[in-house]
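Reading the structure
Residue strings, one per chain:
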Amino acid sequence: MKQEKDILTRCGNRRPFTVPQGYFDNLDAGIISALPQTAEPQQVNVTTWMKIRPYLYMAAAFAGLFFGIGLFVDLGNGKNGSDLAQESQITIYSDEYIDSFLETAMIDDCTFYYSLVDTAE
């Protein structure tokens, strides 16, 4: 800490960098003289592709948007979520399969009956 205080007292507030006298007086004239005098516009040949390209890009964007939305919303079938839920298939298991499952499932009868009552509602 002692050394930092010594450096600050030695340097003080003086600025080590200076600008030469009259530097800013001729700065703008020097910059302007370094630029080229005239800029000649270049002739651009407009082709048919250059005319059609923006419309083609716009059509591709709309097609992508249309098909992208079509992935998430099924517009063609006209089915909503409740129709799809009613069409789900119910698997019917045999009594032998259920008995063998209950023997190996390690659940008691009360829990099994409760799960049947819970799903029936």
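Computed from a prediction, not measured in an experiment: that's the story for all the values here.

Let's shift gears to the overall build of the protein chain. Assigned secondary structure in the protein chain consists of 6 helices and 0 strands. Taken from the N to the C terminus, the helices and strands of the protein chain come in the order α-α-α-α-α-α. Put simply, the protein chain has 121 residues, and 1% of those count as buried. Carbon and sulfur atoms form 60% of the exposed surface of the protein chain, whose accessible area is close to 12500 Å².

Together, Asp 95, Glu 96, Asp 99 and Glu 103 make up a region of like negative charge exposed at the surface. Within the secondary structure layout, Glu 96 lies in helix 5 (residues 95-105).

Before going further, it helps to examine the packing of aromatic side chains. Under the defined criterion, the tally for this structure stands at 2 aromatic pairs. With centroids separated by 5.3 Å and ring planes inclined at 80°, the aromatic side chains of Tyr 23 and Phe 24 adopt a geometry described as edge-to-face. Relative accessible area serves as the criterion here: at 58%, Phe 24 is assigned to the exposed category. The interplanar angle of 70° and the centroid separation of 5.4 Å between the aromatic rings of Phe 66 and Phe 67 together place this pair among those described as edge-to-face. Judged by relative accessible area, which is 54%, Phe 66 ranks as exposed. A relative accessible area of 58% places Phe 67 in the exposed class.

For the rest of this paragraph, the subject is the confidence of the model for the protein chain. Low pLDDT marks stretches whose predicted atomic positions should not be read closely. A residue-level look at the protein chain finds 74% of positions with pLDDT of 70 or above and a mean pLDDT of 77. Per-element confidence in the protein chain ranges from a low mean pLDDT of 56 for helix 4 (residues 81-86) to a high of 91 for helix 3 (residues 48-72).

Its location among the elements puts Leu 102 in helix 5. Owing to a relative accessible area of 23%, Leu 102 belongs among the partly exposed residues under this scheme. In this structure, Leu 102 is in contact with Ile 107 and Phe 112, ignoring residues within four places of it in sequence.

Reading guide: rules and limits
- Residues numbered from 1 in each chain as written.
- Predicted model: local features only at pLDDT ≥ 70, side-chain atom pairs only at ≥ 80, totals over all residues.
- Heavy atoms only, no water.
- Helix = DSSP H or I, 4+ residues; strand = E, 2+ residues; numbered from the N terminus.
- Buried < 20%, exposed > 50% of the residue type's maximum accessible area, 1.4 Å probe, protein only.
- Areas by Shrake-Rupley, 256 points an atom, 1.4 Å probe, with all protein chains shown as cover.
- Patch = residues over 30% accessible without salt bridge, like charges linked within 9 Å, V, L, I, M, F, W, Y side chains within 5 Å.
- Salt bridge = Lys/Arg side-chain N within 4 Å of Asp/Glu carboxyl O.
- Lys, Arg positive; Asp, Glu negative; His and termini not counted.
- Charge placed at Lys NZ, Arg CZ, Asp CG, Glu CD.
- Phe/Tyr/Trp six-rings, centres within 6.5 Å; stacked < 30°, edge-to-face > 60°.
- pLDDT = per-residue confidence, 0-100.
- Contact = heavy atoms within 4.5 Å.

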